[in-house]
Amino acid sequence: MALLEVENLRTYFETEAGLARAVDGVSFSVDKGEVLGIVGESGSGKSVTSLSIMRLVPQPPGRIMPGSRILFQGRDLLGVSEAEMRHVRGNDIAMIFQEPMTSLNPVYPVGDQIAEAIRYHRGVGKREARARAVELLRQVGIPDPERRAADYPHQLSGGMRQRVMIAMAISCEPDLLIADEPTTALDVTIQAQILDLLAELRERLGMAMILITHDLGVVAQVCDRVVVMYAGQVVEEASVDDLFREPRHPYTEGLLKAIPRLGKPVERLAVIPGTVPSPTAWPVSCRFHPRCPYGWDLCVEAAPELFPAGEDRAAGVGGVSGGALVSGEGRGSAAVRTSRCWLERHPERREEVRRRTGAFEASRTGYAEAPAERWHAASAAEHAAPEPERAPPEAPARPLMGDPDTEEDVRR
Ligand SMILES: Nc1ncnc2c1ncn2[C@@H]1O[C@H](COP(=O)(O)OP(=O)(O)OP(=O)(O)O)[C@@H](O)[C@H]1O
Ligand code: SF4
Ligand SMILES: [Mg+2]
């Protein structure tokens, strides 16, 4: 049994602009001792996913929708009382945030804050908690921890504060640590040190981790497996090795092409055109279609499922049922690769577009005129409503882009 299983998680917010479907049917699992990366651009729903696991989504305006399940060691956290949940937070699952100053209390010395957390969760005496706090500061690499324990948060550098947060998070030896962009606010050298620390703690304590980041370099350094999120959904899941060797989803491909590679000169890095759409108006069918260089009519006619991808596709492993991934027989979640993209069903389209344009490397002139865009604009009014399920058409229709070769293409 996986340590954590998130099943069909949907977290919506009531906003002035309408219902924001920030997290919309997300499923993944984390095994004991495993490090899972969650990547995606800003606004893809990474933080809302982690806050939902901790049941820290502000309600209202937020709401975790019926049918969502968050199984931790087999128990659905969405069904437990608030008192039980307080016990889970800290004892079983701990979380560290991007900006430690928002989580540390500015008017107490850091040693006292860690000791307080230990006393609260472990029920030990003051003196013992204090000694353990100093020991934890030592473990996370803070020099002269006895003296530093008396410092207030503002007396520490950003990197030191993040180490204090990590010390607090691991103080009760959680089974799962969720780190939401733990290094984004730090400079590159300190970033590397904090990542090394997390990797070392994972080895030493055997704890599982969810590492949320928009930086694929961080994923490569620390994670075993990756979930790529786009527009509130999981669009690809793979082992880190597989993902970097052969990204299957066009969005992942775009993210990877946007990273500079050492020793590989390029004229300019590819960027994914456009921005993440608003969660109150996700594009219909494939939510990536307005930005996708591979898209064709099928992508706006029917929403792709999370299909088995790459070698899994060839082997006919796995499948999807009601939005939740069903593993192939005898295979753990770690072995399954999936991609929410019609290219898994129509691989010839991938080859054809690459031959013609080089995908993200090509310029996207005239893209705004693509029929998918017009279709999207025309159906904007329907976006707030859940999309109807439709049977996928059999074969790919006309391409969206490319060299116009008929009168009709020119008009398009
Ligand atoms: N309290 C809230 N009220 C309304 N909308 C919210 C609220 N919290 C988050 N959202 C919306 O949910 C969407 C997903 O946000 P989320 O913070 O999960 O993104 P993210 O992937 O973590 O991005 P980033 O990389 O910037 O941290 C965003 O569009 C955001 O505006
Ligand atoms: S389904 Fe179509 S538009 Fe969506 S990512 Fe795949 S090729 Fe692109
Ligand atoms: Mg975030």
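Before any of the text, the structure's been laid out above.
Keep in mind that this is a model prediction, so the values were computed, not measured. (Residues numbered from 1 in each chain as written. Chains lettered and ligands numbered in written order. Predicted model: local features only at pLDDT ≥ 70, side-chain atom pairs only at ≥ 80, totals over all residues.)

1. Focus on helix α7 (residues 188-205)
Applicable threshold: Counting from the N terminus, the helices are DSSP H or I runs at least four residues long and the strands are E runs at least two residues long. Multiplying 1.5 Å by the residue count of a helix minus one yields the expected span of that helix. For every residue, the other C-beta atoms within 10 Å of its own C-beta are counted; 20 or more classify it as buried, 12 or fewer as exposed, and values in between as partly exposed. C-beta atoms are placed from the backbone. Throughout, the arc means the angular range of directions from the helix axis out to the C-beta atoms. For every residue pair, C-beta atoms are placed from the backbone, and the pair is scored as a contact if these atoms sit within 7 Å.
Here α7 contains 18 residues, and its C-alpha end-to-end distance of 25 Å stays within 8% of the 26 Å for a straight helix at 1.5 Å per residue. Of the residues making up α7, those classed as buried are Q191, I194, L195 and L198. Along the axis of α7, the buried residues cluster in a sector spanning 100 degrees; they form a single face. Away from its buried face, by an angle of more than 90 degrees, α7 presents the exposed residues T189, E203 and R204. Tucked inside the fold, the buried residues of α7 contact α6 (158-170), β8 (176-180), β9 (208-213) and α8 (216-222). Phi turns positive, to about 65 degrees, at G206, one or two residues after α7.

2. Examining the site of ligand 2
Formally: By definition, a residue lies near a molecule or strand provided its backbone-derived C-beta atom is within 6 Å of it. Note on residue categories: nonpolar means Ala, Val, Leu, Ile, Met, Phe, Trp, Tyr, Cys or Pro, charged means Asp, Glu, Lys or Arg, and polar means any other residue, Gly included.
Near ligand 2 you find P250, C286, F288, H289, C292, Y294, G295, C299, P304, C341, W342 and L343, and these make up its full shell. Of the residues that constitute the shell around ligand 2, the class distribution is 10 nonpolar, two polar and no charged.

3. Some details on the nonpolar core
To keep it simple, the criterion reads: Defined on buried residues, the nonpolar core groups Ala, Val, Leu, Ile, Met, Phe, Trp, Tyr and Cys residues joined through C-beta atoms within 7 Å. Domain segmentation is taken from an automatic or database assignment of domains.
Counting residues in hydrophobic clusters, the biggest one holds 99 residues, and the most contacted among them are I114, A167, A169, L176, L177, M209 and L211. Here this core takes eight residues from α6, the largest share from any one element. For this core, the two domains that each supply at least three residues are domain 1 (101-170) and domain 2 (279-304 + 340-411).

4. Some words on the site of ligand 1
Residues in contact with ligand 1 amount to 17 residues; listed here are only the nearest, A22, S42, K46, S47 and V48. Within the residue set of the shell around ligand 1, elements represented by two or more residues are β1 (4-15), β2 (18-30) and α1 (46-53). With three residues, the single largest contributor to the shell around ligand 1 is α1. Across the shell around ligand 1, the residue classes tally to seven nonpolar, nine polar and one charged.

5. With respect to the packing of helix α3 (residues 110-122) against helix α4 (residues 126-139)
How two helices sit against one another is set out by the angle between their axes and by the gap between those axes. Under the convention used in this document: Fitted lines through C-alpha atoms give the axes, limited to the stretch in contact for helices. The angle between two N-to-C directions lies from 0 to 180 degrees. When describing relative orientation, an angle under 35 degrees is termed roughly parallel and one over 145 degrees roughly antiparallel, while 65 to 115 degrees is termed roughly perpendicular and anything else oblique. Left-handed describes a crossing whose near helix is turned anticlockwise from the far helix by less than a right angle; the clockwise case is right-handed.
Contact pair α3 / α4: the axes reach a minimum separation of 8 Å and the direction vectors enclose 120 degrees. With respect to each other, α3 and α4 are oriented oblique. In the packing of α3 onto α4, the handedness of the crossing is right-handed. Every residue of α4 that contacts α3 at G111, I114, A115, I118 and R119 is listed here: K126, A129, R130, R132, A133, V134 and L136. Each residue belonging to the contact of α3 with α4 can be placed in one class, and the counts come to seven nonpolar, one polar and four charged.

6. Some details on the pairing of strand β11 (residues 233-239)
What counts here: The pairing criterion is simple: DSSP has to find at least two bridges between the two strands.
Of all the seven residues making up β11, six are buried; the element is thus mostly covered by neighbouring parts of the structure. Pairing of strand β10 (residues 225-230) with β11, which is carried by six bridges, proceeds in the antiparallel orientation. Following the sheet pairing, R225 is matched in β11 by S239. Taking the residues between adjacent antiparallel strands as the criterion, β10 and β11 are bridged by two residues, where A231 takes a positive phi near 50 degrees.

7. Thoughts on the environment of A131
For A131, the position within the fold is in helix α4. Separated by 16 residues in sequence, A131 and A115 have C-alpha atoms that sit 8.2 Å apart.

8. Digging into the pairing of β2
Buried residues dominate β2, accounting for 11 of its 13 residues. Note that β1 and β2 share nine bridges and pair antiparallel. Paired with E5 across the bridge in β2 is S29. Here β1 folds back onto β2 in antiparallel fashion, the turn holding two residues.

9. Topic: the packing of α6 against α7
Packing of α6 against α7 brings their axes to within 10 Å, and their N-to-C directions diverge by 15 degrees. Considering their axes alone, α6 and α7 lie roughly parallel with respect to each other. For the crossing formed where α6 meets α7, the hand is right-handed. Contact residues: G158, G159, Q162, I166 and I170 in α6; I190, Q193, I194, L197, L201 and L205 in α7.

10. Things to note about the environment of Y251
Residue position: Y251 is located in helix α10 (residues 250-257). Since 27 C-beta atoms lie within 10 Å of it, Y251 is described here as buried. Once the C-alpha coordinates of Y251 and E236 are considered, the two residues, 15 residues apart in sequence, prove to be 8.8 Å apart. Among residues more than four places away in sequence, those in contact with Y251 are V228, Y230, V235 and F288.

11. Some points on unusual backbone geometry
Most of the time, phi is negative for any residue but glycine, and the peptide bond is trans. Each neighbour pair has its own omega, and for Q59 with P60 the value is -15 degrees, a cis peptide bond. Mapped onto the elements of the fold, P60 is located in the loop between α1 and β4 (62-64). In this chain, P60 is followed by P61 through a cis amide linkage whose omega measures 10 degrees. The topology assignment puts P61 in the loop between α1 and β4. One non-glycine residue, E173, adopts positive backbone phi at about 45 degrees. Tracing the backbone shows E173 in the loop between α6 and β8. A tally of 13 C-beta atoms within 10 Å means that E173 is categorised as partly exposed. Positive phi, normally seen in glycine, also occurs at E181, with a value near 50 degrees. With respect to the secondary-structure elements, E181 resides in the loop between β8 and α7.

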